[in-house]
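Residue strings, one per chain:
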Amino acid sequence: METKEIKITPPEGYEIDKENSTFDCIKFKPIKRWRDKENNTFNGFYIGHECSIIPVTKYRNVVRNHNIFATEKQAKSALAMAQISQIMANDERFGGVVTDEEWNDTSMFKFSINCNDKNEIAHFSGCFGIRHFLSFHTSEQRDLFLKENEDLVKDYLMIE
């Protein structure tokens with residue numbers, strides 16, 4: 001007697017519920033991602049009062065702990081990003097934040113600070129639509145910002 005085989009492919013985002021399925025009835029359940037499992041624990045760092053970076057261990061994966069970074073370097077980067085955003089928005093010398101409309105205008109030059117493949121600060125300019133957080137309207141604004149805030153730029157880009 002010949003046997004036949006049927007492969008079951010669960011719908012996108014689902015897996016076979018082996019506990020509730022039978023030979024005659026296959027049931028599916030949503031895939032539980034790591035981030036959805038509250039009994040998972042993790043270590044990391046968060047930004048506390050007075051902008052101090054605080055290490056934590058064995059924190060549960062619940063909503064109130066979703067502000068914890070895996071590494072101290074990432075927490076320092078996020079803190080630098082917050083500070084940079086305030087400087088860019090409030091110090092008129094830097095021309096303000098590049099707006100969504102300006103990003104969508106691929107004929108408009110933007111002047112950015114980023115990290116190159118040697119883990120060094122690098123300058124970029126061009127008519128690009130790919131968004132870079134550290135972007136300015138002129139090269140002069142970019143260069144002045146870097147001159148005055150190199151420490152924050154290095155922290156944001158996670159450069160030693």
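Preceding this paragraph is the structure being described.
Throughout, a residue's number is its position along its own chain's written sequence, starting from 1. Confidence filtering applies because this is a predicted model: local features only for residues at pLDDT of at least 70, side-chain atom pairs given and counted only at 80 or more, and all residues used for totals across whole chains, interfaces and linings. As a rule here, side-chain values cover all heavy atoms of the structure and leave hydrogens and water aside.

Brief notes about the packing of aromatic side chains
Pairing of aromatic rings covers Phe, Tyr and Trp, the last counted by its six-membered ring, and requires centre-to-centre distances within 6.5 Å; plane angles under 30 degrees mean stacked, over 60 mean edge-to-face, and any other angle means tilted. Following the criterion strictly, the structure yields four aromatic pairs and no others. Ring-pair connections join several aromatic residues into one group, and the members of that group are Phe94, Phe136 and Phe145.

Brief notes about the sheet that holds strand S5 (residues 110-115)
Backbone-to-backbone hydrogen bonds join strands into a sheet, with any given pair of strands oriented parallel or antiparallel. When DSSP locates at least two bridges between a pair of strands, those strands are taken to pair. Put simply, DSSP H or I for four residues or longer makes a helix, DSSP E for two residues or longer makes a strand, and each gets a number counted from the N terminus. If you trace the three strands from one edge of the open sheet to the other, you get S6-S5-S7, paired in antiparallel fashion. Two strands close off the open sheet at either side, each with one partner strand: strand S6 (121-126) and strand S7 (135-136). Note: S5 against S6, six bridges, orientation antiparallel. When the bridges of S6 are listed, cysteine 115 appears paired with isoleucine 121.

Quick notes on helix H1 (residues 72-90)
The span expected for a helix works out to 1.5 Å for each residue beyond the first. Helix length check: H1 (19 residues) gives 27 Å between terminal C-alpha atoms against 27 Å at 1.5 Å per residue, within 8%. Elements in contact with the buried residues of H1: strand S3 (41-47), strand S4 (53-60), S7 and helix H3 (139-157). Whether two residues are in contact is decided by their heavy atoms, any of which lying within 4.5 Å being enough.

Side note on unusual backbone geometry
Phi angles above zero are rare outside glycine, and asparagine 119 is one such case at about 60°. Note on placement: asparagine 119 falls in the loop between S5 and S6. Accessibility expressed as a relative area gives 40% for asparagine 119, which makes it partly exposed. The phi dihedral of methionine 158 falls on the positive side, at around 60°, and the residue is not glycine. Here methionine 158 is to be found in the segment after H3. Relative accessibility thresholds used throughout: buried, under 20% of the residue-type maximum; exposed, over 50%; partly exposed, between the two (1.4 Å probe, protein chains only).

Comments concerning a nonpolar patch on the surface
A cluster of nonpolar side chains, Ile6, Ile8, Tyr14, Ile26 and Phe28, forms an exposed patch at the surface whose accessible area comes to about 480 Å². Mapped onto the secondary structure, isoleucine 26 falls in the loop between strand S1 (14-16) and strand S2 (28-30). To count toward a patch, a residue needs a relative accessible area above 30% and no salt bridge. Like charges then connect within 9 Å, nonpolar side chains (Val, Leu, Ile, Met, Phe, Trp, Tyr) within 5 Å. The protein chains shown are the only cover counted for residues, whose accessible areas, like all others here, come from Shrake-Rupley with a 1.4 Å probe. A pairing counts as a salt bridge when a side-chain nitrogen of Lys or Arg comes within 4 Å of a carboxyl oxygen of Asp or Glu.

What about the pairing of S3?
Across six bridges, S3 lies against S4 in antiparallel orientation. Each bridged residue has a counterpart across the sheet, and for tyrosine 46 the counterpart in S4 is isoleucine 54.

A closer look at H3
Look at H3: only 19 Å from first C-alpha to last across 19 residues, short of the 27 Å you get at 1.5 Å a residue. At asparagine 149, H3 is bent by approximately 90°, the largest bend along its length. Listing the buried residues of H3 in full gives Gln141, Arg142, Phe145, Leu146, Asn149, Leu152, Val153, Tyr156 and Leu157. Check the buried side of H3 and you find it contacts H1, S5, S6 and S7. Bend at a residue means the angle formed by two fitted axes: the first through the 7 residues ending at that position, the second through the 7 residues beginning there.

As for the nonpolar core
Note on terminology: a nonpolar core comprises buried Ala, Val, Leu, Ile, Met, Phe, Trp, Tyr and Cys residues joined through side-chain atoms within 4.5 Å. Ile84, Ile113, Leu134, Phe145, Val153 and Leu157 are the most contacted members of the largest nonpolar core, which totals 14 residues. Mapped by element, the contributors of at least two residues to this core are H1 and H3. Broken down by element, the residue count for this core peaks at six residues, all from H3. Excluding residues that lie within four positions of it along the chain, leucine 134 makes contacts with Ile84, Met88, Phe111, Ser112, Ile113, Phe145, Val153, Tyr156 and Leu157.

Considerations on a positive patch on the surface
On the surface, Lys18, Lys29, Lys32 and Lys37 cluster together into a positively charged patch. In this structure lysine 37 comes out as partly exposed when scored by relative accessible area, which is 33%. For this count, His and the chain ends are skipped, Lys and Arg are scored as positive, and Asp and Glu as negative. Where a charge lies is defined by one atom per residue type: Lys uses NZ, Arg uses CZ, Asp uses CG and Glu uses CD.

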